[in-house]
Amino acid sequence: MRDGIRLYLRYVSMSLRSQLQYPASFLMLVVGNLAITGIEFLTIWALFSRFGSLGEWSLPEVALFYGMVHMAFAISEAAARGFDILHRQVRSGDFDRILLRPRSTALQVMGLEFQLLRVGRFAQGLVVLRWGLTSLKMSITFAELLLIVAAIIGGGLLFSGLFVLQATLSFWSVDSLEVVNLTTYGGVETAQAPISIYRGYFRSFFTWVIPLATINYFPLMAILDHADPLGIPHWLSWLSPLAGLVFFVLCLQVWNFGVRHYHSTGS
Amino acid sequence: MAQIVVQDLRKAFKVAKREAGLWNAFRGLVKREYTHVQALDGVSFEIEEGELVGYLGPNGAGKSTTIKILSGILLPDEGICQVMGRIPWQERIDHVREIGVVFGQRSQLWWDLPVIDSFELLRDIYRLSSADYRKTLEKVVDTLELTDLLEVPVRQLSLGQRMRCELAASLLHNPKLLFLDEPTIGLDAVSKLVVRDFVKTLNEEQGTTVILTTHDMDDIEALCSRVMIIGRGKILARGKLKDITREVARERRLVVELDGDYSKEYIRSQVPGAELVKLEGKQAHFDFDPARISPPELIANISARFQVRDLLIENQPIDEVISRLYGELHI
């Protein structure tokens, strides 16, 4: 395990140095990433200035949802990007090289690329989260802060799991990836707002099938002390970051199944 | 037991039929038709530790499929395959720790970074102790003359330099078995010789088993004690290259430089027992079968009728022999 982390860090450092070989292009990508996500939040702000609130939620509260989900997504975009580009490796045959190394395939794929430019999205999420907390003028305890951090990490794992699923699909088909984008990019859009504003079936899907609600909704219910219309008790909110971990582990099982399939078809 | 034992290996691929045209592309979304390609159709062989074996065959004959199965990437449909007592795909991690693979057409080095960075990554991947790593590195750097290349980003290397680095990269963990898939493809003459020398020394001094696939017959002639020829999924010939080619290439070639210009027809009429295959200016190339006409007799015949400036007997060019062999084996 420790050895695995050490290897992953070596991959990360190589990936970073590769990207910094072209500093101008790297800077432009970061700025672009920051600008795109920044404009996204501006549109939300514009909507609020028109309508005042979203159901029972104020803008600073929604800012917390927004900030957390974007930080979580930025983590997985940076760290699990290798899974996102796997279909290219499979098509070109470079995935064979990964099978020829005496290490876990998932670890090696994760190491294919670490996208530092995602600090753009991460920073923007952090700024929005911070702004939300200040505007709410609430004092949060250390435990609550810990819950927020854990929820963001759990969310990172959850989105990474989705990237793993997407990569696994590429063992069967190179073209069916858009389906997964619905749940990754679509998931980010969805979880920017409190999940209680959506219709029942939609809410259930993002609670029980892909547990997006655990990234920010459940933890924030506890922190903001809102009663959940679904009737989920607050103590469960404190466990919700674990859902991301469980989801990620399950996705890795699916991944291993996909690798076995690759062994027998070679494509 | 031999280091590699392969018995009656079979592998078929399902390949989606794609017909030309936009309409057919759309139709393929709904209904796909598959063709069945039998890549390996009962392949058996054994390879002993320390051998240097050439694996030949035209494109699509099943070479890469065999290599992929032996290296644990691919699962066969049927048959037995044991490498160093292991079934490669069942014990992937233990298996790949002891083999090295070089694909001539693909790189394992990080494109934008200095070569040494890729080597250090491999050190971590294979969990090499720094003492072992340094010892092996020193040795390969020395024999492949990489000292000046280590700090150069891979993208700036020439193809020959890169291939030397690829070879080094696949040997850092001291594999007992090395697969080389077209290692000299596209290389200039000097680089080819360096690679060849290195492989030969590696095999002789360290006893590393090497399986080499190539289309370069000079590689095979220079290196391989034994060859196997595969075609349409079957091993069609095996043994020493000389013995295999003797069957199809009983004939020797005599190149004569004549002192004067003659027409093909005239030369043919004057030299029975040998076939004039080529006439380049004053140089006439004859193929003859030494069992039917002895070389001294043939030379005597020719010098009795022509003024001869120079002559040379050689084996037929190996490429021609192999392509004739493929023809005879119907592959």
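Residues numbered from 1 in each chain as written. Chains lettered and ligands numbered in written order. Predicted model: local features only at pLDDT ≥ 70, side-chain atom pairs only at ≥ 80, totals over all residues. Heavy atoms only, no water.

## Re the overall build of chain A
For step 1, the next point in the chain: Within chain A, the secondary structure is distributed over 14 helices and zero strands.
For step 2, the next point in the chain: Starting at the N terminus and walking to the C terminus, you meet the elements of chain A as α-α-α-α-α-α-α-α-α-α-α-α-α-α.
For step 3, the next point in the chain: Along the first, second and third principal axes, the C-alpha set of chain A runs to 55 × 45 × 35 Å.
For step 4, the next point in the chain: In chain A, buried positions account for 54% of the 267 residues.
For step 5, the next point in the chain: Surface summary for chain A: the accessible area is close to 12200 Å², and the carbon and sulfur share equals 70%.
For step 6, the next point in the chain: In chain A, 18 side chains carry a positive charge and 15 a negative one; their mean positions are 8 Å apart. (Helix = DSSP H or I, 4+ residues; strand = E, 2+ residues; numbered from the N terminus. Buried < 20%, exposed > 50% of the residue type's maximum accessible area, 1.4 Å probe, protein only. Areas by Shrake-Rupley, 256 points an atom, 1.4 Å probe, with all protein chains shown as cover. Lys, Arg positive; Asp, Glu negative; His and termini not counted. Charge placed at Lys NZ, Arg CZ, Asp CG, Glu CD.)

## Details of the interface of chain A and chain B
For step 1, the next point in the chain: Opposite the 31 residues of chain A that make contact, chain B presents 32 residues.
For step 2, the next point in the chain: If you sort the residues of chain A by the area they bury against chain B, Leu100, Pro102 and His263 of chain A come out on top, with a joint share of 22%.
For step 3, the next point in the chain: Linking chain A with chain B are six salt bridges, by the criterion used here.
For step 4, the next point in the chain: As a salt-bridge pair, Arg10 of chain A and Asp124 of chain B come within 2.8 Å of each other at their nearest N and O atoms.
For step 5, the next point in the chain: The tally of links between chain A and chain B comes to 19 residue pairs in polar contact (both at pLDDT 80 or more).
For step 6, the next point in the chain: Secondary structure elements with two or more residues in the side of chain A that touches chain B: α1 (2-20), α6 (95-99) and α14 (241-265) of chain A.
For step 7, the next point in the chain: Looking at the side of chain A that touches chain B element by element, the count peaks at nine residues for α1 of chain A.
For step 8, the next point in the chain: When grouped by side-chain class, the residues that make up the side of chain A that touches chain B number ten nonpolar, twelve polar and nine charged. (Contact = heavy atoms within 4.5 Å. Buried area = accessible area lost by both parts, 1.4 Å probe. Salt bridge = Lys/Arg side-chain N within 4 Å of Asp/Glu carboxyl O. Polar contact = N/O pair within 3.5 Å; in protein donor to acceptor, adjacent residues only side chain to side chain. Nonpolar A, V, L, I, M, F, W, Y, C, P; charged D, E, K, R; others polar.)

## Remarks on the sheet that holds strand β12 (residues 283-288) of chain B
Residues and elements named next belong to chain B.
For step 1, the next point in the chain: What the four strands build is an open sheet, ordered β11-β12-β10-β13; its pairing is antiparallel. Of all strands in the sheet, those bounded by a partner on one side alone are β11 (275-280) and β13 (308-315). Each strand of the sheet is rotated relative to its neighbour by a mean of 20°, with strand direction disregarded.
For step 2, the next point in the chain: Relative to β12, β11 runs antiparallel, the two sharing five bridges. (Pairing = 2+ DSSP bridges. Axes fitted to C-alpha atoms, helices over the stretch in contact; angles between N-to-C directions.)

## Looking at the confidence of the model for chain A
For step 1, the next point in the chain: Looking at chain A as a whole, the pLDDT averages 87, with 96% of positions reaching at least 70.
For step 2, the next point in the chain: The weakest mean pLDDT in chain A belongs to helix α13 (residues 234-237) of chain A at 80; the strongest belongs to helix α7 (residues 105-110) of chain A at 95. (pLDDT = per-residue confidence, 0-100.)

## With respect to helix α7 (residues 189-206) of chain B
All names here are of chain B.
For step 1, the next point in the chain: End to end, α7 covers 25 Å across 18 residues, agreeing with the expected 26 Å (1.5 Å per residue, within 8%).
For step 2, the next point in the chain: Restricting attention to buried positions, one finds in α7 the residues Ser191, Val195, Arg196, Phe198, Val199, Leu202 and Asn203. Looking down the long axis of α7, one finds its buried residues gathered within 160° of arc, a one-sided arrangement. Exposed residues on α7 whose side chains face more than 90 degrees from its buried face are Ala189, Val190, Asp197, Glu204 and Glu205.
For step 3, the next point in the chain: Packed against the buried residues of α7 are β3 (52-56), α5 (130-143), α6 (159-169), β6 (177-181), β7 (209-213) and α8 (217-223).
For step 4, the next point in the chain: Looking at where α7 begins, the residue whose side-chain oxygen comes 3.0 Å from the main-chain nitrogen of Val190 is Asp188.
For step 5, the next point in the chain: Just downstream of α7 lies Gly207, where phi reads positive at about 70°. (Expected span 1.5 Å × (residues − 1). Arc of directions from axis to C-beta.)

## Some words on the pairing of β3 of chain B
All names here are of chain B.
For step 1, the next point in the chain: Within β3, five of the five residues are buried, leaving the element largely enclosed by the surrounding structure.
For step 2, the next point in the chain: Judged from the four bridges that link them, β3 and β7 form a sheet pairing that is parallel. Each residue of the ladder has a partner; that of Gly54, found in β7, is Leu212.
For step 3, the next point in the chain: In this structure, β3 lies alongside strand β8 (residues 226-231), joined through four bridges in parallel fashion. Residue pairing for β8: Leu56 is matched across the bridge by Ile229.

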